[in-house]
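Inside the fold
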Number of protein chains: 2
Amino acid sequence: MKLYHAKGSPNSRRVRILIAEKGLDIEFVPVDLGSKEQFSDAYRAINPRVVVPTLVLDDGTVIGEVPAIQRYLDEAYPDLPLLGVTPKEKAVIAMWDRRVEAEGFASVMDAIRNTVAGLKDRAISGPHAYEQIPALAERSKKRLGNFYGDLEARLKEAPFVAGEAFSVADITALVTVDFATNGIAMPIPEDATATKAWYEKVAARPSATA
Amino acid sequence: MKLYHAKGSPNSRRVRILIAEKGLDIEFVPVDLGSKEQFSDAYRAINPRVVVPTLVLDDGTVIGEVPAIQRYLDEAYPDLPLLGVTPKEKAVIAMWDRRVEAEGFASVMDAIRNTVAGLKDRAISGPHAYEQIPALAERSKKRLGNFYGDLEARLKEAPFVAGEAFSVADITALVTVDFATNGIAMPIPEDATATKAWYEKVAARPSATA
């Protein structure tokens, strides 16, 4: 099994942290986004969506899309589950993870891709060209602000994003915070004390360096 | 178990079709979007995200977000699986379903919510107000066009979106096509013969009327 990834890719990091948490032994194959290796014929043959990460199983099956890769790894290696065990746990974790991704992670991504000069006509990752929309970047920053407010309310009532236990929703939220802090200078708001306490806890886990 | 839904809501329909396919006996509770019932105190107490659909389990657990609801139902009632059985099947179906949703379904939603007069300042569903961005509606239509092209290529190589069997990815794609046809007058392109043949097949299933 091989994971094609890029060191600086937040989506790749979401999978790397899950792998580190579960202690899985998976071969990492770097894809150099700086030299646009994801658009090479060789990589396009692996994942025609030309994005990282991509998981390739030993039988050649290609799995793209972060939540699908995470789901495969958690189902195939059920020790130390991060996506839940019972149907109810799986659904509740999936619900929170999706909210964090749509409202937090995707907001940071949209804010960056719709403004950065090097991504002109690459406002959406994938095989098709899309022009940047600066107004969308601004709206996405507003959305991230609302995400931070909602996350604070949630972490005042539960120790982790999806409830009592650390889960993939915490991984997505941790990567979102770091992405927002480093990518668009929007760290956790000063007054978000529950979020800051949660962040200290999850960022201190050994997996966070993955 | 109760499903709060709205007849005209494409996201509600995604869950209703899955329920019909699996033959589940679930109480449907209508939410009148026309009179903005989703913003009522009563509904806000059920789902603070003020969107439909919402599944409420008999123990009071609230599950929002379509893929999370679908996941719960498919895991809790494993007969007639629509999200896969093995870890590999689950991941491959999740991958295709997510692509259809992000590139197809969400494109139609963005095209509508960023232009319709009645949704001014409601460009994103949920508890927060966001202004409309007409340029995003235009870009989303372009994205839907690319989605149709990619779907045609996929359905030339496989009978169903995720492979050999009907799955939740077909439900998402069917609802996307109907939503695009009725909502923004973008039906399946004339020359997309594989997609048209697939559509005839899936739209003829009894579940499609749900």
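Below: a short report on this structure. (Residues numbered from 1 in each chain as written. Chains lettered and ligands numbered in written order. Predicted model: local features only at pLDDT ≥ 70, side-chain atom pairs only at ≥ 80, totals over all residues. Heavy atoms only, no water.)

Section: the pairing of strand β1 (residues 2-5) of chain A
All names here are of chain A.
- For β1 and strand β2 (residues 27-30), the ladder comprises four bridges, and the chain directions are parallel. Directly across from Leu3, in β2, lies its bridge partner Phe28.
- Running through helix α1 (residues 10-22), the crossover from β1 to the neighbouring parallel element β2 is right-handed.
- In terms of strand pairing, β1 meets strand β3 (residues 54-56) through three bridges, oriented antiparallel. Its bridge partner lying in β3, Tyr4 is registered against Thr54. (Pairing = 2+ DSSP bridges. Helix = DSSP H or I, 4+ residues; strand = E, 2+ residues; numbered from the N terminus. Right-handed = clockwise from strand over helix to strand, strands pointing away.)

Thoughts on the packing of aromatic side chains
Residue and element names in this part refer to chain A.
- In the structure shown here, the tally under the stated rule is 10 aromatic pairs over all chains.
- Relative to Phe179, the ring of Phe105 has its centre 5.4 Å away and its plane inclined at 40°; by these criteria the two rings are tilted. Of this pair, Phe105 sits in helix α4 (residues 87-113) while Phe179 sits in helix α6 (residues 168-184); the two residues are 74 residues apart in sequence, bridging distant segments of the chain.
- Look at Phe105 and you get buried, because its relative accessible area is 4%.
- Judged by its relative accessible area of 12%, Phe179 is buried.
- Above the ring of Phe105, the side-chain terminus of Arg14 is found at 4.9 Å from the ring centroid.
- The aromatic ring of Trp96 is capped on one face by Arg99, whose charged end is 5.1 Å from the ring centroid. (Phe/Tyr/Trp six-rings, centres within 6.5 Å; stacked < 30°, edge-to-face > 60°. Buried < 20%, exposed > 50% of the residue type's maximum accessible area, 1.4 Å probe, protein only. Lys NZ or Arg CZ within 6 Å of the ring centre and 35° of its normal.)

Quick word on the sheet that holds strand β3 (residues 54-56) of chain B
Residues and elements named next belong to chain B.
- With respect to topology, four strands assemble into an open sheet ordered β2-β1-β3-β4, the strand pairing being mixed. The open sheet has two edge strands, β2 (27-30) and β4 (62-64), and neither has a second partner. Sheet twist, expressed as the mean angle between neighbouring strand axes with direction ignored, is 25°.
- Note that β3 and β4 share three bridges and pair antiparallel. Among the inter-strand pairings, Val56 is bridged to a residue of β4, identified as Val62.
- Sheet strands touched by helix α1 (residues 10-22): β1 (2-5) and β2. Its angle to β1, the strand with the most contacts, is close to 145°. (Axes fitted to C-alpha atoms, helices over the stretch in contact; angles between N-to-C directions. Contact = heavy atoms within 4.5 Å.)

Description of the interface of chain A and chain B
- If you look at the interface, chain A gives 43 residues, while chain B gives 43 residues.
- Across the chain A/chain B interface, buried area totals approximately 4100 Å², and carbon plus sulfur atoms make up 55% of it.
- It is A:Arg71, A:Arg98 and A:Arg139 that lose the most area in chain A upon contact with chain B, and together they represent 19% of the buried surface on that side.
- For the pair chain A and chain B, the number of links is 18 salt bridges.
- For the salt bridge of A:Glu75 with B:Lys90, the shortest nitrogen-to-oxygen distance reads 3.2 Å.
- Put simply, chain A and chain B have 26 residue pairs in polar contact (both at pLDDT 80 or more) between them.
- Among the elements of the structure, β4 (62-64), α3 (66-76), α4 and α5 (134-157) of chain A are those that each provide at least two residues to the side of chain A that touches chain B.
- For the side of chain A that touches chain B, the element with the highest residue contribution is α4(A), accounting for 11 residues.
- In terms of residue class, the side of chain A that touches chain B is made up of 20 nonpolar, seven polar and 16 charged. (Buried area = accessible area lost by both parts, 1.4 Å probe. Salt bridge = Lys/Arg side-chain N within 4 Å of Asp/Glu carboxyl O. Polar contact = N/O pair within 3.5 Å; in protein donor to acceptor, adjacent residues only side chain to side chain. Nonpolar A, V, L, I, M, F, W, Y, C, P; charged D, E, K, R; others polar.)

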